[in-house]
Each structure stands twice: as structure tokens, then as C-alpha cells.
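# Breakdown of the fold
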Amino acid sequence: METKEWYLEYQIHRNRPGLLGDISSLLGMLSINIVTINGVEDMRRGMLIRSKSDDQIERFRAILNTIENITVTKLREPKLRDRLAIRHGRYIERDADDRKTFRFVRDELGLLVDFMAELFKKDRHYLVGIRGMPRVGKTESVVAASVCANKRWSFISSTLLRQTVRSQLAEDELDGDHIYIIDGIVSTMRATEKHRMLVGDIMRLPAIKVVEHPDIFIRETEYSLDDFDCIIELRNDDSEEITYDVVESGFSSFDIS
């Protein structure tokens, strides 16, 4: 029978000596292997475990529910956020009202790059929007994630080194191995009609596109938030507000280099 991975997470109410050992011993008795263990939040521990039997997992769940000092919060097939929580020791913050919006601060750039790299690995149509103030690390994170995902990247519009406004692509940039990076401000406010036509063609490609400043892109084009599969917000710290007050229709003084 094929083995299957599960994600276990439990809240510790009193971290008595030997608690982890008891749980590990229980897993061993049930022939469930531990793949990875890490703390994922304060007084919360996560595990990736592997078993050949769903029945053994259900038995394990039932026994865990009788153990004092812990509460099982998750026991399920691992999702991307679960795997990253185990790897980095923290959970990605998700907007409570908009479940496709994920929040990061600059200190979490490693986690952000890892998260985007996992999104980028599949060949598919996938539209990512990334919000953030100037020089917070948006473009650099997208490029680093592309490298981690073993994908090539093409700047369709950008101000990373100097203002880039493309009007055509080379033939080798049209394969599914590319991540297309679009600056929503440059493409809608500083570009020519030929560039906008190129952006329209790229948006129709079955490929991964990343749009920086998606709110401006949405405001100035026919696209809506519903067209985005994922929105990422990157801040210098938790208190920072992402605002476009200095961006005026038709012109931008927003320094995004």
C-alpha cells in the first residue's frame, strides 16, 4: 500500500517534560513515521507524518484527543501553507475576509520567496498580484522565487534598474517556462498603445503572470480582482499602510524603483 503524508498540528496548553516523546512513541507504536517536526507558532507544534493506513491515522486522532495539555488543531493532508510552516517555523498570514490574500513583512522575505516559488513551479495560467510600498522588496522577491522554481523571468514593464517598457517578446520568451512580470503603474500610465497590446496578449497566455501594484492595474484596465488567483501584500512592518495617494490617473510620481 502506498504511503500518504499528513499534517498534524496541536496547541500546547502546558508544555510538560516528555510530552513530545509521548506523542512520538505513540506514532511509533501505530507504525506512523515522522517526516518533520517544528514549532509553527508560540506553544504550537506541527509535524509531517507518513502512514500506509488511514485507519491508523484515525486511531491516532482518537488517542490524541484523550491526551491532556494539548488540543489537536489540524490533522489533514498537507497544504502548501502547512509545508511552509514546518519549513520556516511560522504560518503565512492570510486575510480573514479575502482568503486569496496573503500578508508578509520584510523580515519574512525567505518565507515569501519560498511561497511564491511553490506557486511558480506548475505550468499553468496563474495570475499573482503583489502590493507594497517602494523599495520593500517586491520585484527582487519575484525574481528570487523564479530562480528557486527553476523558471526564467521576463520583465514586461519594470523600474528595478531602469524603466522597462517592452513592446514585443523574443521567440524564446513565449514558452511556458517563463514568469512574466508586469508593473501595473508603468504599464497603465507610462506606456504606449503597442505595449498595452503586448500586455493584453501576455495576460491571455496560459502562463504565470505577476502584476505589481494590482490595484492600479485593475483601476486602469478591464481586469478585476476576481481575475487574480492570489494577492500578496508585502510591508516593511505590520503597522505600515499600503497607499497609492501619490498616484494620479495618467501620471505617477510613485517611486517604485
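Counting starts from 1 at the beginning of each chain's written sequence and moves along it residue by residue. A pLDDT threshold of at least 70 governs which residues receive local features in this predicted model, and a stricter bar of 80 or more applies before side-chain atom pairs are shown or counted, although totals over entire chains, interfaces and linings include all residues. The side-chain numbers reported here are obtained from all heavy atoms of the structure, hydrogens and water having been left aside.

Before going further, it helps to examine the overall build of the chain. Helix and strand definitions here come from DSSP, where helices need a minimum of 4 consecutive H or I residues and strands a minimum of 2 consecutive E residues; each element is numbered from the N-terminal end. Within the chain, the regular secondary structure consists of eight helices and 15 strands. A principal-axis box enclosing the C-alpha atoms of the chain has dimensions of 65 × 40 × 30 Å. Buried residues are those whose accessible area, probed at 1.4 Å on protein chains only, stays under 20% of the maximum for their type, while exposed residues exceed 50% and partly exposed ones sit between those limits. Taking all 257 residues of the chain together, the buried fraction comes to 48%. Throughout, a contact is declared for two residues whenever any of their heavy atoms are within 4.5 Å. Contacts spanning at least 24 positions in sequence make up 74% of the contacts within the chain whose residues lie at least 6 apart.

This next bit is on the side chain of Glu5. One can find Glu5 in strand S1 (residues 4-12). Throughout this description, a polar contact denotes any pair of N or O atoms lying within 3.5 Å of each other; where both atoms belong to protein, one of them has to be capable of donating a hydrogen while the other can accept it, and for residues adjacent in sequence the pair is counted only when both atoms sit in side chains. Looking at Glu5, its side chain comes within polar contact range of the side chain of Arg50, at 2.6 Å. Within the structure, the side chain of Glu5 is placed 2.8 Å from the side chain of Arg83, a separation counted as a polar contact. Ignoring any residue separated from it by four or fewer positions in sequence, one finds Glu5 in contact with Val35, Leu48, Ile49, Arg50, Glu77, Pro78 and Arg83.

On to a negative patch on the surface. Within this analysis, patches are made of residues with over 30% relative accessible area and no salt bridge. Like charges are joined at 9 Å or less; nonpolar side chains (Val, Leu, Ile, Met, Phe, Trp, Tyr) at 5 Å or less. Computed with a 1.4 Å probe, the accessible areas rest on the Shrake-Rupley method; for each residue, only the protein chains presented here act as cover. The rule for a salt bridge is simple: a side-chain nitrogen of Lys or Arg has to be within 4 Å of a carboxyl oxygen of Asp or Glu. Positive charges are assigned to Lys and Arg, negative charges to Asp and Glu, while His and the chain termini are left out of the count. Positions of charges follow a simple convention, taking NZ of Lys, CZ of Arg, CG of Asp or CD of Glu. Residues Glu222, Asp226, Asp227 and Asp229 make up a contiguous surface patch of negative charge. Inspection of the secondary structure puts Asp226 in the loop between helix H8 (214-220) and strand S13 (230-235).

The next subject is the pattern of salt bridges. Taken as a whole, this structure holds 23 salt bridges when the rule is applied. A salt bridge links Asp95 to Arg103; the shortest N-O distance between them is 2.4 Å. Taking the relative accessible area as the measure of exposure, Asp95 reaches 13% and is therefore buried. On the accessibility criterion, Arg103 (24% relative accessible area) is partly exposed. The residue Glu118 makes a salt bridge to Lys121 at a minimum N-O spacing of 3.0 Å. If you follow the salt bridges from partner to partner, you end up with Glu93, Asp95, Arg103, Arg131, Asp215, Glu233 and Arg235 in one network.

Here the focus is the confidence of the model for the chain. Every residue is assigned a pLDDT by the predictor, reflecting its confidence on a scale from 0 to 100. Overall, the prediction assigns the chain a mean pLDDT of 90, with 95% of residues at 70 or greater. Here residues 249-253 is modelled with pLDDT under 50, and outside its nearest four sequence neighbours on either side it reaches 10 contacts, counting other chains as well.

With that settled, the discussion passes to the pairing of strand S7 (residues 126-132). Taken across its seven residues, S7 has seven buried, putting it largely inside the fold. Of the two faces of S7, both are covered, the one formed by Tyr126, Val128, Ile130 and Gly132 as well as the one formed by Leu127, Gly129 and Arg131. Sheet analysis places S7 next to strand S12 (residues 208-212), joined by five bridges and oriented parallel. When the sheet's bridge partners are listed, Gly129 is paired in S12 with Val211. One ladder, built from five bridges, connects S7 with S13; its direction is parallel. Being paired, for any two strands, means DSSP has found at least two bridges between them.

Here the focus is the sheet that holds S13. The mixed open sheet is built from seven strands, whose spatial order is S5-S6-S13-S7-S12-S11-S8. The sheet is open, and its two edges are formed by strand S5 (93-94) and strand S8 (152-155), each paired on a single side. Note that S5 and strand S6 (residues 101-105) share two bridges and pair antiparallel. By the bridge assignment for S6, Glu93 is matched with Arg103. In this analysis an axis means a line fitted to C-alpha atoms, helices contributing only their contacting stretch, and an angle means the value between N-to-C directions, from 0 to 180 degrees. Against the sheet, helix H5 (residues 138-148) touches S7, S8, strand S11 (178-183), S12 and S13, its axis set at about 150 degrees to S8.

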